[in-house]
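# Architecture at a glance
One-letter residues, chain by chain:
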Amino acid sequence: MSEETTNAPTDGLWSRLRLIEGQPLAARAGAYSGLHDELSRRLDSGAKLDQRDAPGTR
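Reading the values: the criteria
Residues numbered from 1 in each chain as written. Predicted model: local features only at pLDDT ≥ 70, side-chain atom pairs only at ≥ 80, totals over all residues. Heavy atoms only, no water. Helix = DSSP H or I, 4+ residues; strand = E, 2+ residues; numbered from the N terminus. Buried < 20%, exposed > 50% of the residue type's maximum accessible area, 1.4 Å probe, protein only. Areas by Shrake-Rupley, 256 points an atom, 1.4 Å probe, with all protein chains shown as cover. Salt bridge = Lys/Arg side-chain N within 4 Å of Asp/Glu carboxyl O. pLDDT = per-residue confidence, 0-100.

## A closer look at the overall build of the protein chain
- Of the regular secondary structure elements, the protein chain holds three helices and zero strands.
- Helices (α) and strands (β) of the protein chain occur, in sequence order from the N terminus, as α-α-α.
- Across the 58 residues that make up the protein chain, the buried fraction comes to 3%.
- Working note: accessible area of the protein chain is about 5,000 Å², and carbon and sulfur atoms make up 56% of it.

Quick look at the structure:
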C-alpha cells in the first residue's frame, strides 16, 4: 500500500477538497469556511462524547 492510500480519508474529504479547489476564489472561500464549520462541529461533538465515556467522570 502506498502512503497516499493508507492516509486517505474514507468519508469523501479529498473529493470535497478537489471540488472546492475547482471553484472561483470567492466561492472557494465560502466553501472552505463551511467545511471548517462542519469539521469543527464534528470535533466538538466527538470531544463531548469522549468526556462522557471517560472513566472517573461520573
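## Overview of the pattern of salt bridges
- The tally for this structure, following the rule as stated, stands at three salt bridges.
- Ionic pairing is found between Arg-28 and Glu-21, a salt bridge with its closest N-O pair at 4.0 Å.
- Residue classification places Arg-28 among the partly exposed residues on the basis of a relative accessible area of 23%.
- Among the salt bridges present, the one from Arg-42 reaches Glu-38, with a minimum N-O distance of 3.9 Å. Remark: Glu-38 and Arg-42 occur in helix 3 (residues 25-53); sequence separation between them is four residues, near one turn of the helix.
- Its relative accessible area of 45% is what places Arg-42 among the partly exposed residues.
- Each member of the salt-bridge network shares a partner with another, and the members are Arg-16, Glu-38 and Arg-42.

## Looking at the confidence of the model for the protein chain
- Scored by pLDDT, the protein chain has a mean of 79; 60% of the residues are at 70 or more.
- Taking the mean pLDDT of every element in the protein chain, the minimum, 56, falls on helix 1 (residues 3-7) and the maximum, 93, on helix 2 (residues 13-21).

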